[in-house]
Amino acid sequence: MIQNVGNHLRRGFASMFSSRTSRKSISHPESGGASAMAEDEEYRNPTEVQMSQLVLPCHTNHRGELSVGQLLKWIDTTACLSAERHAGCPCVTASMDDIYFDHTISVGQVVNIKAKVNRAFNSSMEVGIQVVSEDLCAEEQWSVCKALATFVAHRELSKETCGPPSPGQQGKLKQVTPLTEEEKTEHGVAAERRRMRLVYADTIKDLLSHCAIQDDLDNKDCSNMVPAEKTRVESVELVLPPHANHQGNTFGGQIMAWMENVATIAASRLCHAHPTLKAIEMFHFRGPSQVGDRLVLKAIVNNAFKHSMEVGVCVEAYRQEAEKQRRHINSAFMTFVVLDKDDQPQKLPWIRPQPGEGERRYREASARRKIRLDRKYLVVSCKQSEVALSVPWDPSNQVYLSYYNVSSLKTLMAKDNWVLSMETGEVRLYTLEEEFLSIHLEMVVQVDAAQVFQLLSDLRRRPEWDKHYRSVELVQQVDEDDAIYHVISPALSANAKPQDFVILASRRKPCDNGDPYVIALRSVTLPTHHETLEYQRGETLCSGFCLWREGDQLTKVSYYNQATPGFLNYVTTNVAGLSSEFYNTFKSCESFLLDNRNDLAPSLQTL
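Residues numbered from 1 in each chain as written. Predicted model: local features only at pLDDT ≥ 70, side-chain atom pairs only at ≥ 80, totals over all residues. Heavy atoms only, no water.

A.B. asks: Kindly report on the side chain of His-468, identifying the contributing residues and their values.
C.D. replies: Among the secondary structure elements, His-468 is positioned in the loop between helix H8 (449–457) and strand E20 (471–477). Since its relative accessible area comes to 17%, His-468 is described here as buried. Of note is the side chain of His-468, whose polar atom sits 2.9 Å from the side chain of Asp-466. (Helix = DSSP H or I, 4+ residues; strand = E, 2+ residues; numbered from the N terminus. Buried < 20%, exposed > 50% of the residue type's maximum accessible area, 1.4 Å probe, protein only. Polar contact = N/O pair within 3.5 Å; in protein donor to acceptor, adjacent residues only side chain to side chain.)

A.B. asks: Requested: an account of the sheet that holds strand E9 (residues 233–238), with residues and values cited.
C.D. replies: Spatial strand order, E4-E10-E14-E13-E12-E9: six strands in an open sheet with antiparallel pairing. Pairing within the sheet leaves two strands with one partner each, and these edge strands are strand E4 (99–100) and E9. Direction of pairing for E4 relative to strand E10 (residues 276–280): antiparallel, over a ladder of two bridges. Bridging from a neighbouring strand, Tyr-100 pairs with Ala-279 of E10. The sheet contacts of helix H5 (residues 252–271) involve E9, E10, strand E12 (294–304), strand E13 (309–318) and strand E14 (327–337), and relative to E12 the element is tilted by about 40°. (Pairing = 2+ DSSP bridges. Contact = heavy atoms within 4.5 Å. Axes fitted to C-alpha atoms, helices over the stretch in contact; angles between N-to-C directions.)

A.B. asks: Residue-level account of the packing of aromatic side chains, with values.
C.D. replies: Across all of its chains, the model carries six aromatic pairs by this definition. Ring geometry for Phe-545 and Tyr-559: centres 5.1 Å apart, planes at 55°, overall tilted. Of this pair, Phe-545 sits in strand E25 (residues 543–551) while Tyr-559 sits in strand E26 (residues 554–562), and the two are 14 residues apart along the sequence. The pair Phe-545 / Tyr-559 is uniform in exposure class, with both members buried. Through successive ring pairs, a cluster of aromatic residues spans Trp-465, Phe-545 and Tyr-559. Of note, Arg-194 hangs over the ring of Phe-121, and the distance from its end group to the ring centre comes to 4.5 Å. Taking NZ or CZ as reference, Arg-369 lies 4.5 Å from the ring centre of Phe-305, over its face. (Phe/Tyr/Trp six-rings, centres within 6.5 Å; stacked < 30°, edge-to-face > 60°. Lys NZ or Arg CZ within 6 Å of the ring centre and 35° of its normal.)

A.B. asks: Explain the pairing of E20 to me, using residue names and the numbers behind them.
C.D. replies: Each regular strand carries side chains that alternate between the two faces of the sheet. In this sheet, strand E21 (residues 482–489) lies alongside E20 in antiparallel orientation, the contact comprising six bridges. Looking at E21, one finds that Gln-477 is bridged to Ala-483. Where E20 folds back on E21, the antiparallel hairpin that results is connected by four residues.

A.B. asks: Run through the sheet that holds strand E3 (residues 91–96), naming residues and quoting values.
C.D. replies: An order of E2-E5-E6-E7-E3-E11 is seen for the six strands of this open sheet, with the pairing classed as antiparallel. Strand pairing shows two members of the sheet lacking a second neighbour, strand E2 (49–54) and strand E11 (283–284), which therefore form its edges. Pairing between E3 and E11: two bridges, direction antiparallel. Of the residues in E11, the one forming a bridge with Ser-95 is His-284. Along the sheet face, helix H3 (residues 181–198) touches E3, strand E5 (110–120), strand E6 (124–135), strand E7 (140–153) and E11 and points at about 75° away from the line of E5.

Purely geometric numbers; function is a separate question.
This is the structure:
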């Protein structure tokens, strides 16, 4: 849930571009409002809602720290108010992405929660939440967690209480207009996160079916094993008016708080200590509950690892005691640790699962742990001096690699401090000096955006216009949108070897009007394609195309590349005006697109 990008490279080019023109004054049409804002005005997102709460003893646990359940209630309330501000009607919590808790909050401190809508879809919205704790006496602040929640607008409830909606309220939700760099980044990446949520359940199934999850029960010390049944907890809650909104629907945050309570009890039964909640797995609300419902909450420890344990929680609802069928409201998975006096995690006893369902939950917990590690630690832009830029490819992490591939390019695209370094003919070259030196080439071609997308997304055709691609082999067609290629590139200097690359290409069609077509490229490693003596293995960290439809048969082609060390000398030579290869290559791309635009008519019907 929580999105993270790290970069590297010394800032050795500060003086090179200091006199160049900032791209803020020559921005994309989609960023039009940002430059018009007065610089001395403090901009505030119109959907932003802030909540500040003083932590009192009634909010805390036995250690005098804010209960996570109480924090979840405040997070849900703040996010819901932000969603309703944008939608103009009642909203309900649909899902919550992973939450990692980085800091505890003590009694007497202040919790500051900020929520804003990142993007609206047809009837749902992604809301981003930031939680910061504040020590008023020490004048210090700490980041506690970040969260992403999805809310669904219920316009029919608005009709019942407020009369018919206005014309602006009918149909799909109004779009969010991002203005700042942060808003553009979150808006662009939100579509990719939504895509990942929709395939989450399938990702678990694929991991269990294609990867060997080791049970290793036989290798564990049986004398230190706790039967999983000993950790089972069941509790019932009656939903009363204070637990629900003005429409009578139970607050999602209240349900999460009850779930955290039973999960903590289950975890305590394993470790015989007071556990600390460190993470909550992505989960979805499967149905609503109302005032008068009885909610049955069940929790059990699914698996215990060396220093952490996963607790599964299930919530079912029924209306009357005579009802035989209960409604499944929600399921969630929470990760707990036990901390010693130095706040270091202690070793935990092993769990012995019950045969059948218990063993299934045990194996799935191992699969979810692997996915959590992928989501949290999968390197998108890593420090070049510490680790390789390429990341391993395997079926269990393909969803997240594809997600990070596209997200990295969209993040780079949304930067608002690009500087116009050169303009030759109709080709513009921008540079961005951060921890990496990045380049952005831009031109407008008289070819439809869908045709450009088709022609550029098949890397096997790139040697037709880019002399830096000598040959391209399709190694694996992962799915309709992702493919892995092996690229051979000529040597960049007389004394160097030719280079080869193993590249993941992820392509995306526009999610909505105004979105670009995206072709994202990054290096991966494959066990079938090791580095050889014949070639020098090259790597690309983040590169690719964003294609904007400017009109009928008119497309703005934008190419981005974060310069890796092997590519840096070539980049700076072009940026400094000592070479025109960038310009020549881009003009060759334009000729390729114009010459081949009529070859794709039958295949464009699906775009």
